[in-house]
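Summary of structural features
One-letter residues, chain by chain:
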Amino acid sequence: MVTLGIVVISLLASLATMARVAATLMISVVTGWFLGYAAAKSGVVERVFLPVTQTLESVPVITFFPIVLVFFISRIGGYLGVELAVDFLVFTAVVWNIWIGEYESIKTVAQSLEDVVNMYRLSFISKFTKLYIPVTIPRVAGNILVSFADALFYIVVSEVVTLGTRSYSVFGIGALIAGWTSEGEWVNAVTALIVLIILVTVVVFLVLRPFVNWAVKYSYDPYVEVTRVGARRQTTSRLRASLSRNIRYVRRVMAVERATLPVFVRATGYSIYHRLAIRPRPVGILTKMEKHVAIGVGLLILALVAYGIYSSWETTWLPILVNIYNNWVTYLYYLGLDWLRVAIVTTASIAVAIPIDYLMVTRPKVEAILLPMLEDLASIPVSAYLPLVAVPFVTIIATRLGLSASLELLVLIVAFLSTAWYVIYNMYVGMKTIPRSLWDVANNLNLSTWHKLTKLAIPGAMPATITGLASTVGSTWGGLEIAEYFQGINGKVYMVHGYTALMDYYTAVGNVVGLEAMSLILAVNVILVSLFLWRNLFALARRRYRMEGAITL
Amino acid sequence: MDISFSYRTERGPLHVLRNVSFTVYEKQYVSIVAPTGTGKTTLLRIIVGLRKPDSGKVLLMGEEVRGPTPKISMIFQDFALFPWLTALENVEVALLHKRLSKDERIKLARRYLELVGLGAFENYYPRELSGGMKQRVAIARALAAQPVLLLMDEPFTNLDAITAEGLKSEIYNMVFNEESTVKAIVMVSHNLEEVIELSDRVIILGGRPATVISDVSIDLPRPRSPRDKEFQDYLDLLYGEISKSMELAGIAKT
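Just so you know, these numbers come straight off a predicted model, no measurement behind them.

Calculation rules
Residues numbered from 1 in each chain as written. Chains lettered and ligands numbered in written order. Predicted model: local features only at pLDDT ≥ 70, side-chain atom pairs only at ≥ 80, totals over all residues. Helix = DSSP H or I, 4+ residues; strand = E, 2+ residues; numbered from the N terminus. Buried ≥ 20, exposed ≤ 12 C-beta atoms within 10 Å, placed from the backbone. Contact = placed C-beta atoms within 7 Å. Rg over C-alpha atoms; globule rule 2.2 N^0.38 Å. Core = buried A, V, L, I, M, F, W, Y, C linked by C-beta atoms within 7 Å. Domains from an automatic or database assignment. pLDDT = per-residue confidence, 0-100. Pairing = 2+ DSSP bridges. Right-handed = clockwise from strand over helix to strand, strands pointing away. Axes fitted to C-alpha atoms, helices over the stretch in contact; angles between N-to-C directions. Nonpolar A, V, L, I, M, F, W, Y, C, P; charged D, E, K, R; others polar. Parallel < 35°, antiparallel > 145°, perpendicular 65-115°, else oblique. Left-handed = near helix turned anticlockwise from the far one by under 90°. Expected span 1.5 Å × (residues − 1). Bend = angle between axes of the 7 residues up to and from the residue.

**Digging into the overall build of chain A**
- The number of helices and strands found in chain A is 20 helices and 4 strands.
- Looking at chain A as a whole, 42% of its 553 residues qualify as buried.
- Intrachain contacts of chain A at a sequence separation of at least 6 include 83% that bridge at least 24 residues.

**Quick look at the overall build of chain B**
- When helices and strands are counted, chain B shows 7 helices and 10 strands.
- The C-alpha radius of gyration computed for chain B amounts to 19 Å, which stays within 12% of the reference 18 Å derived for 254 residues, consistent with globular compactness.
- Overall, chain B is about 60 × 45 × 35 Å in size when its C-alpha atoms are taken along their principal axes.
- Split into buried and exposed, the 254 residues of chain B put 42% on the buried side.
- Summarising the internal contacts of chain B: among those between residues at least 6 apart in sequence, 70% fall at separations of at least 24.

**Details of the nonpolar core**
- Ranked by internal contacts, the top residues of the largest apolar core, which has 205 residues, are Ala151(A), Val91(B), Ala140(B) and Leu151(B).
- Take this core: its biggest share by element is 19 residues, from helix 6 (residues 124–158) of chain A.
- In this structure, this core is formed jointly by two domains, domain 1 (3–71 + 148–253) and domain 2 (79–146) of chain B, each of which donates at least three residues.
- Excluding its chain neighbours within four sequence positions, the residues that come into contact with Ala151(A) are Val21(A), Thr24(A), Leu25(A), Val90(A), Ala93(A) and Val94(A).

**Topic: the confidence of the model for chain B**
- This prediction gives chain B a mean pLDDT of 82; 91% of its residues lie at or above 70.
- Quick note on the complex model: pTM equals 0.75, ipTM equals 0.77.

**Points about the pairing of strand 7 (residues 149–153) of chain B**
Residues and elements named next belong to chain B.
- Burial analysis of strand 7 places 5 of its 5 residues in the buried class, the great majority of the element.
- Where burial is concerned, the two faces of strand 7 agree: the one with Leu 149, Leu 151 and Asp 153 and the one with Leu 150 and Met 152 are both buried.
- Two strands pair when backbone bridges link them, and strand 6 (residues 72–75) and strand 7 are joined in this way by 4 bridges, in the parallel orientation. Residue Met 74 lies in a different strand from strand 7, and its bridge partner there is Leu 151.
- In the sheet, strand 7 pairs with strand 8 (residues 184–189) via 5 bridges, with the strands oriented parallel. For Leu 150, the partnering residue across the bridge sits in strand 8 and is Ile 185.
- Where the polypeptide runs from strand 7 across helix 5 (residues 161–175) and back to strand 8, its parallel neighbour, the crossover connection is right-handed.

**Side note on the sheet that holds strand 3 (residues 28–33) of chain B**
All names here are of chain B.
- Spatially, the 6 strands line up as an open sheet ordered 6-7-8-3-9-10, and their pairing is mixed. Edge positions in the open sheet fall to strand 6 and strand 10 (211–217), since each of these has one partner strand only. When the angles between neighbouring strand axes are averaged without regard to direction, this sheet yields 20 degrees.
- Across the sheet, helix 4 (residues 131–144) lies against strand 6 and strand 7, angled at about 175 degrees from strand 6, the strand it touches most.

**Regarding the domain arrangement of chain B**
Residues and elements named next belong to chain B.
- What the domain assignment lists for chain B is domain 1 (3–71 + 148–253) and domain 2 (79–146).
- When each unit is reduced to the centre of its C-alpha atoms, the spacing between domain 1 and domain 2 is 25 Å.
- Taken together, the 15 residues of domain 1 in the interface contact 11 residues of domain 2.
- At 4 residues, the largest contribution of residues to the side of domain 1 that touches domain 2 is made by helix 5.
- Of the residues assigned to the side of domain 1 that touches domain 2, the class counts are 7 nonpolar, 6 polar and 2 charged.

**Regarding the packing of helix 1 (residues 4–41) of chain A against helix 4 (residues 78–107) of chain A**
Residue and element names in this part refer to chain A.
- Axis separation between helix 1 and helix 4 bottoms out at 7 Å; the angle between their running directions is 40 degrees. In this view, helix 1 runs oblique relative to helix 4, as classed from their interaxial angle. Along this stretch, helix 1 crosses helix 4, giving a crossing that reads as right-handed.
- Considering only residue class, the contact of helix 1 with helix 4 consists of 17 nonpolar, 4 polar and 4 charged.

**Observations regarding helix 12 (residues 313–362) of chain A**
All names here are of chain A.
- End to end, helix 12 covers just 61 Å across 50 residues, shorter than the expected 74 Å (1.5 Å per residue, more than 12% under).
- At Asn 327, helix 12 is bent by approximately 75 degrees, the largest bend along its length.
- Within helix 12, the full set of buried residues consists of Ile 320, Tyr 331, Tyr 334, Asp 338, Arg 341, Val 345, Ser 349, Ala 353, Asp 357, Tyr 358, Met 360 and Val 361.

**A closer look at helix 5 of chain B**
All names here are of chain B.
- Over its 15 residues, helix 5 extends 21 Å from the first C-alpha to the last, a length consistent with the 21 Å expected when each residue adds 1.5 Å.
- Ser 169 marks the point of greatest bend in helix 5, at about 30 degrees.
- Considered for burial, the residues of helix 5 that qualify are Leu 167, Ile 171 and Val 175.
- The inward-facing, buried residues of helix 5 contact helix 4, strand 7 and strand 8.

**What to know about the pairing of strand 3 of chain B**
All names here are of chain B.
- Where burial is concerned, most of strand 3 is hidden: 5 out of the 6 residues are buried.
- Bridge analysis of strand 3 against strand 9 (residues 201–206) gives 4 bridges, and the strand direction is parallel. Considered in strand 9, the bridge of Ser 31 is made with Val 202.

**Brief notes about unusual backbone geometry**
Residues and elements named next belong to chain B.
- In this structure, Met 61 takes a positive phi of about 50 degrees despite not being glycine.
- Topologically, Met 61 is positioned in the loop between strand 4 (59–60) and strand 5 (63–64).
- Accessibility expressed as a C-beta count within 10 Å gives 9 for Met 61, which makes it exposed.
- Phi angles above zero are rare outside glycine, and Gln 146 is one such case at about 55 degrees.
- Mapped onto the secondary structure, Gln 146 falls in the loop between helix 4 and strand 7.
- A tally of 18 C-beta atoms within 10 Å means that Gln 146 is categorised as partly exposed.

**A word on the packing of helix 6 of chain A against helix 14 (residues 382–394) of chain A**
Residues and elements named next belong to chain A.
- Axis separation between helix 6 and helix 14 bottoms out at 7 Å; the angle between their running directions is 50 degrees. Considering their axes alone, helix 6 and helix 14 lie oblique with respect to each other. Seen from helix 6, the contacting residues are Phe 153, Val 156 and Val 157; seen from helix 14, they are Val 382, Ser 383 and Ala 384.
- Here the residues of the contact of helix 6 with helix 14 are counted per class, giving 5 nonpolar, 1 polar and no charged.

**Considering the environment of Ala541(A)**
Residue and element names in this part refer to chain A.
- The topology assignment puts Ala 541 in helix 20 (residues 512–545).
- Ala 541 gets classed as buried once you count the C-beta atoms within 10 Å, which come to 21.
- For Ala 541 and Val 414, which are 127 residues apart along the polypeptide, the C-alpha to C-alpha distance reads 28 Å.

So this is what it looks like as structure tokens:
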């Protein structure tokens, strides 16, 4: 029997979780303005900022969470320590993407607008409020859906963590659902999940969508066609002004927008093409002074790192290296296993995405039903419903398939659920932003569905798919992390062979050295993947698949 | 002024302007004409104080221009309006550096919007305005700064022919108006007909790095019509000078 108390406590917990999401997003956006500005204006800062953010962007942060937790709990401790650890984790999950977007927006601000603020000698604050902050808004809006979903995912999963023999948790919907599930309080858990889903839906449709719609006015395109002709009657009151604005908004949504690109698509598409089309290069030339400063800063950082390693060599680094030396075969084998899972899940997501997206792009009715669902579904964190989804896999299905096969299936399904929405969504944005004229040509030439797919839709969706891949793979890792090792009913632990499972295990048994060793390997792995895979893929997307004029916001 | 300028590039300095020098007198409408890529916009940005020349200096009424000053205002090819600000707020940007109260600022901005004929559109955002209206807002903003010298970087290029024609016939009166503080205009253009229609003097840049090739006074009564014979004579003269400058650029390349 669902009591009002359960609903209220679920609602409060969901709001607490949402507040964390909102706070971390805000902090990311605000810090990004200043860092992005500093990087765009100073060659020295840019040279540090770019490689660091671009590498960290594709890091599956969740895998480093145990280390973060150990740090915060040992240094700060208590509820505050755990709270800060959780917030910090979410911050690192969403911040890079937002920072890069803001930096790129500031870096590529129209020269003439910058000239205007300099010409009229605007103060530093005026420059920020009139120019540098507004130009970042379309990119923030374009990423907002993914950032929101990511933040929610990580926050929900990190609200309860076991470290050694102790379990730490903060008040939030993730902790609530996990707690009720492990106690076998099914009705409560499902109620809490429903409350969360409703709240997410409300946020997506009443906060994020209007935000994106509003953000459209911040895009700079001096040559856009006039949208309304004729003088409007002067509005005399604030109330009437806002009323007419809302009516305009509704009218636009009802009539015009159906015929053009949906707002989210427009904003995301803008983000992707902004990223590919006018991706700024680092300043090519540094003055002598700047070179000296850069070398000085670089040497200082190197010296600090060297000193750090030297001073903690005996206590930290040596044990880590010994641990790696003793276990490297296991670690590499598990890393390989997890990459294999990532590959399977990514391929499956793309395979599912292609027909769904093609249907959505070519059949408006399918699109009208699926798209809002997709936007909403993408934001409901798998981590919240994992405890419930897992139940049949450790009971009914396990008796049929055997426990290990059943758990493997669960891992793949959860990783798929953490990934598929993003892949579907990114590909859809890609296909949707293919210029109308190309579809007309394809229809005019009577191309078969197969040819339309292979010659137009799939290549056209490439840039969006590829740019999205770096972050979707991060989500896949997140999915693996939560599903490879989890506490089921009555606190019973289930795990499969896998890298993140072993990390979780080390966390649970308090093997800090092993944990640090695995984090180090993962860090190296991430940097290598970033250097050799993502950069090449991005370059490919830019070189081969970019369509001129594919998107105008 | 006597300006030289080069860009720092990965292949060493690229010399763009060499000893460019000319004087603009009061009540003059001066046009700078040159082929694309000659460095016209760069020259304007140097004059307005947004870039520093390698050598030489810009003098405004005997005083050196060392950085952006409200006495020089510029109108841009792409209008450079802030899409997130209304027409009125865009004009206000030019007044922010003055320590005016908000009411005074709005009053002043409104006056200039009315001067360019957009009094009824102050709450419109740039995207809700036509190209011609956008350029009018940009003109109002430039005038609101109360400059002595007004610079215009190909102000009619992004307008359709009919709108451009209308604005051209009005701009002279808008700028040299009793409410305006502008004493002289420097416009950059590559449309020779427009240049003859509007200017008192035409300065032709050419060569690589560019330098002043020719300085032609246009002595025709206003309003001017391209159908007049004298107009056509000036056109022929300018075409001749331009081809000379193109040849110079060709020689510089080889």
